[in-house]
Amino acid sequence: MAEKFRAMRGTHDILPEEARTWRWIEDTFAGVSGRYGYEEIRLPVFEATELFERGTGFATDVVQKEMYTFLDKKGRRLSLRPEATPSVIRAFLEHNLGRRAGVSKFFYMGPMFRYDRPGAGRYRQFHQAGVEIIGSPSPGADAEVIGVFWAFLRELGLTKLGMRINTLGCRSCRIKYSEILKDFLSDKLEALCADCKERYAKNPLRVLDCKVAACKVVIARAPDVSTILCAECVEHFDRVKACLQAAGLSFRVDPKLVRGLDYYTRTVFEVYHEAVGIENSLGGGGRYDHLVEEFGGPATPAVGFSSGLERVLLAVEAEGSARGASEAADIVFASLGEQAFIEAFTLASEARKRWRVWLEFDQRKLDRQLATAAKLGARLTAIIGDDELARGVVRIKDMASGDQIELRRQDVIAWLDNRLGGKSSE
Ligand code: AMP
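Reference entry: report on the structure contained in this document. (Residues numbered from 1 in each chain as written. Predicted model: local features only at pLDDT ≥ 70, side-chain atom pairs only at ≥ 80, totals over all residues. Heavy atoms only, no water.)

### Observations concerning the pattern of salt bridges
Tallying each qualifying case throughout the model produces 35 salt bridges. One salt bridge connects Asp254 with Arg164, and the closest N-O pair in it is separated by 2.7 Å. Placement of the pair is Asp254 in the loop between β8 (252–253) and β9 (265–273) and Arg164 in strand β7 (residues 161–167), with a sequence separation of 90 residues. In this pair, the class of Asp254 matches that of Arg164, namely buried. We note a salt bridge from Asp238 to Lys241, for which the minimum N-O separation is 3.5 Å. (Salt bridge = Lys/Arg side-chain N within 4 Å of Asp/Glu carboxyl O. Helix = DSSP H or I, 4+ residues; strand = E, 2+ residues; numbered from the N terminus. Buried < 20%, exposed > 50% of the residue type's maximum accessible area, 1.4 Å probe, protein only.)

Pasting the structure below:
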């Protein structure tokens, strides 16, 4: 069939079969975050453009090249969110959420938008799940955030995981390192790509993140941040690593890991999966001790991560760890005749309080209705025809064995309870 409309490039539909896996991934994330003491926060998908310019960083590729920015009817500059951290901090300040506790912990999930070049695991509308801890300077908070991320992925059954961590140092270490890096790069500009020449001027740290082969050669010889870290930053990083080791999380220190967003200080990390590849990380995060202040709040340290769920799904598919597709229905109600349908409708409504029920609308031939039940993977089919109706009974067919029994109408729910258990099989 010739379609009139198609989904926009870089967006994708999540069709029912895949949506089941999505729901499982999202439930797992909410479950793990909840057990670690994070509360859910839901935020708008568009904000003032300036929020991301000031938060994510004016010089980042995300803000410079990838934002969906538009003017609304009143001429306000708005952007679809490319990430959620600036929104979390905005909401934290706007609603004075810090007043309740010394430390606030949030988790979120939802669509993000970046005008990226679409490819495997790369979309223009994609989904992230993440957490933020606001109000703790402790290296334990960095380790906890990494721990949530890891636990989430492990609970999805993923094993082929790797993690890189690094520290960028505190603000003064970062400035110092930027200068050293700039110095180092100053006589190698010719060898760098056009983007990196620009990065050199605006934000030299970002050169370290470049994927262009020629730039990588230069970067390999660049001095490491570890050479200039202050004693507090060294201690902070040591304590993060000690926590991770104690918790049995394996990681590799990568002194060239900087990540793409501007607000990070000290710890940064990325998690990747063997099948999805190191260039397409499952997610990452780090500490950002100055963003709350940048948005006009009091000096408040914070740390968080965000995971791309399309990539997590790729990893789940590669490892075949998705929870087996559950059946679409526990029981199908088939009926023959108008009056029988009303009876089936009534019983099905009752059964739907506890089980997944598919109700056949049309009084097609019984074998057609049974074929639907088989297709849906139903365990049972309840059949009501004129004869059953007249005698006040329901016939129930076990779809696996083919056995049939007859029950009095008033006994059906109790029998189902016994047979299917208290809950649907999901
Ligand atoms: P970032 O905030 O850029 O570090 O992104 C965090 C995570 O979001 C990445 O590790 C990816 O898993 C995911 N992500 C970022 N951009 C995209 C995209 N265009 N398409 C799909 N996932 C993405």
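### Observations concerning the packing of helix α2 (residues 49–57) against helix α4 (residues 85–94)
Contact geometry of α2 with α4 gives a least axis separation of 9 Å together with a crossing angle of 110°. Here α4 runs roughly perpendicular to α2, going by the angle between their axes. Residues Leu51, Phe52, Gly55 and Thr56 of α2 form the contact with α4, whose own contacting residues are Pro86, Ser87 and Arg90. Across the contact of α2 with α4, the residue classes break down as three nonpolar, three polar and one charged. (Axes fitted to C-alpha atoms, helices over the stretch in contact; angles between N-to-C directions. Parallel < 35°, antiparallel > 145°, perpendicular 65-115°, else oblique. Contact = heavy atoms within 4.5 Å. Nonpolar A, V, L, I, M, F, W, Y, C, P; charged D, E, K, R; others polar.)

### Here we look at the nonpolar core
Formed by 52 residues in total, the largest nonpolar core has its most connected members in Ile134, Leu185 and Leu208. The element that contributes the greatest number of residues to this core is helix α6 (residues 171–185), accounting for five residues. Not counting residues within four places of it along the chain, the set of residues in contact with Leu185 comprises Leu192, Tyr200, Val207 and Val218. Among the nonpolar cores identified, the runner-up in size contains 41 residues, and Tyr38, Ile165, Leu309 and Val312 belong to it. (Core = buried A, V, L, I, M, F, W, Y, C linked by side-chain atoms within 4.5 Å.)

### Topic: the site of the ligand
Close to the ligand lie 15 residues, the nearest being Arg114, Tyr123, Gln128, Arg259 and Ser281. Here a nitrogen atom of the ligand and a side-chain polar atom of Asp116 are 3.1 Å apart. Residue Gln128 places a side-chain N or O atom 2.9 Å away from an oxygen atom belonging to the ligand. Contributing elements (two or more residues each) for the shell around the ligand: β6 (125–134) and β11 (302–308). Broken down by class, the residue content of the shell around the ligand amounts to four nonpolar, six polar and five charged. (Near = heavy atom within 4 Å. Polar contact = N/O pair within 3.5 Å; in protein donor to acceptor, adjacent residues only side chain to side chain.)

Read these as geometric descriptors, not functional statements.
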